Amino acid sequence: QKEVEQNSGPLSVPEGAIASLNCTYSDRGSQSFFWYRQYSGKSPELIMSIYSNGDKEDGRFTAQLNKASQYVSLLIRDSQPSDSATYLCAVKHSTTPTFGRGTSLIVHP
Amino acid sequence: GAGVSQSPRYKVAKRGQDVALRCDPISGHVSLFWYQQALGQGPEFLTYFQNEAQLDKSGLPSDRFFAERPEGSVSTLKIQRTQQEDSAVYLCASSPSTGVEAFFGQGTRLTVV
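Okay, so let's go over this structure. Keep in mind that this is a model prediction, so the values were computed, not measured.

**Quick notes on the overall build of chain B**
No. 1: Tallying secondary structure elements over chain B gives 0 helices and 11 strands in all.
No. 2: In chain B, the order of α-helices and β-strands from amino to carboxyl end is β-β-β-β-β-β-β-β-β-β-β.
No. 3: What you see for chain B is a C-alpha radius of gyration of 13 Å, in line with the 13 Å of a compact globule of 113 residues.
No. 4: Its C-alpha atoms give chain B principal-axis dimensions of roughly 35 × 25 × 25 Å.
No. 5: The burial tally for chain B puts 45% of its 113 residues in the buried class.
No. 6: Of the roughly 5,500 Å² of accessible surface on chain B, a fraction of 47% belongs to carbon and sulfur atoms.

**A closer look at the pattern of salt bridges**
All names here are of chain B.
No. 1: Using the criterion set out here, one finds 6 salt bridges over all chains in the structure.
No. 2: With a closest N to O distance of 3.8 Å, Arg22 and Asp24 form a salt bridge.
No. 3: We note a salt bridge from Lys78 to Glu68, for which the minimum N-O separation is 3.4 Å. Residue Lys78 is located in strand 8 (residues 75–79), and its partner Glu68 is located in strand 7 (residues 65–68); the two are separated by 10 residues in the primary sequence.
No. 4: Its relative accessible area of 27% is what places Glu68 among the partly exposed residues.

**Re the sheet that holds strand 3 (residues 19–25) of chain A**
Adjacent strands of a sheet form backbone hydrogen bonds with each other and so pair up, either parallel or antiparallel.
All names here are of chain A.
No. 1: Taken together, 5 strands build an open sheet; the order of strands is 1-3-8-7-6 and the sheet is antiparallel. The open sheet has two edge strands with one neighbour each: strand 1 (4–5) and strand 6 (54–58).
No. 2: With 6 bridges joining them, strand 7 (residues 61–66) and strand 8 (residues 71–76) adopt antiparallel strand pairing. Following the sheet pairing, Phe61 is matched in strand 8 by Ile76.

**Quick look at the environment of B:Val4**
Residues and elements named next belong to chain B.
No. 1: Mapped onto the secondary structure, Val4 falls in the segment before strand 1 (5–7).
No. 2: What makes Val4 buried here is its relative accessible area of 8%.
No. 3: Val4 sits 21 residues away from Pro25 along the chain, and the two C-alpha atoms are 4.5 Å apart.
No. 4: The contact partners of Val4, leaving out residues within four places of it in the chain, are Cys23, Asp24, Pro25, Ile26, Cys92, Ser94, Phe103, Phe104, Gly105 and Gln106.

**Concerning the nonpolar core**
No. 1: Ranked by size, the top nonpolar core spans 23 residues in total, and within it A:Trp35, A:Val72, A:Leu74, A:Ile76 and A:Tyr87 carry the most contacts.
No. 2: Listing elements by their share of this core, those giving two or more residues are strand 3, strand 4 (32–38), strand 5 (45–50), strand 7, strand 8, strand 9 (85–92) and strand 11 (103–108) of chain A.
No. 3: If we ignore the near neighbours within four places in the chain, the residues touching A:Leu74 are A:Ala19, A:Ser20, A:Leu21, A:Trp35, A:Ile47, A:Met48, A:Phe61, A:Thr62, A:Ala63 and A:Tyr87.
No. 4: The next biggest cluster of nonpolar side chains, apart from the first, holds 20 residues, and it includes B:Leu60, B:Ala67, B:Leu77 and B:Val112.

The rules behind the values
Residues numbered from 1 in each chain as written. Chains lettered and ligands numbered in written order. Predicted model: local features only at pLDDT ≥ 70, side-chain atom pairs only at ≥ 80, totals over all residues. Heavy atoms only, no water. Helix = DSSP H or I, 4+ residues; strand = E, 2+ residues; numbered from the N terminus. Rg over C-alpha atoms; globule rule 2.2 N^0.38 Å. Buried < 20%, exposed > 50% of the residue type's maximum accessible area, 1.4 Å probe, protein only. Areas by Shrake-Rupley, 256 points an atom, 1.4 Å probe, with all protein chains shown as cover. Salt bridge = Lys/Arg side-chain N within 4 Å of Asp/Glu carboxyl O. Pairing = 2+ DSSP bridges. Contact = heavy atoms within 4.5 Å. Core = buried A, V, L, I, M, F, W, Y, C linked by side-chain atoms within 4.5 Å.

Encoded structure:
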C-alpha cells in the first residue's frame, strides 16, 4: 500500500511569514513528486514538481526533496491571504500519482 | 479548449440510477486518470489509461464502476445503481506521458439522493 502522509492542519501563519508544508511517503521507489494547491470547491492546480534530491525554487515557492528520509516539503515565502488553500502532496512511483489528504493553510492579515 | 474538460459539472442522481461522467483530456495527452474526492479528503485513485488501454483499475471501489477510453481521447466513467456513498467529486486528470505532472479538470460533483 503506497501511502502519502500530510498533517491536515490547519496551519495558520501571518501575512508575510514563511509557510512550511510537509509530506512523507512510504514507497522508496517513488520517482516524481508534486505539490498541488486546491481552493475550496475547485480542482487541484499544479504549483511545483520535483524529481531529484535538493531544493527547487519557483518564485515564492521552494520544494525540498530528501529521498533518503522519504520526505518532501513546500515552503511559501512572503505568504499572502490568497495563498490560503489546501495543499496536496502527490507522489508517483511509475504511472499513477498517489495523493495525501492535504494540509489546510490559512494566511491571516 | 486548452485544459481538461469534464461534464456535467454537477449531477444529482436518485439512488439506483446509472450515471455517466465525461472527461475530455488535453489534446495529445497519453495518460488519463480518474480520481474520487470526498469532502475534506485528498483525491483517491480510481483508474488509469494509457491511450485506449486501461492499465490500472485497482482503485475502482466495486463492479458498479466502469471506465472506458475507446479511442484514446475522451473517457467516460460510468457508475451503475448509484448509492449514497458514491456522492463525491469525480476528478479527471491527464498527462503528456508517464512520470510527469498531471493536470486536472474542474471535476463533476455527484450527489446521490
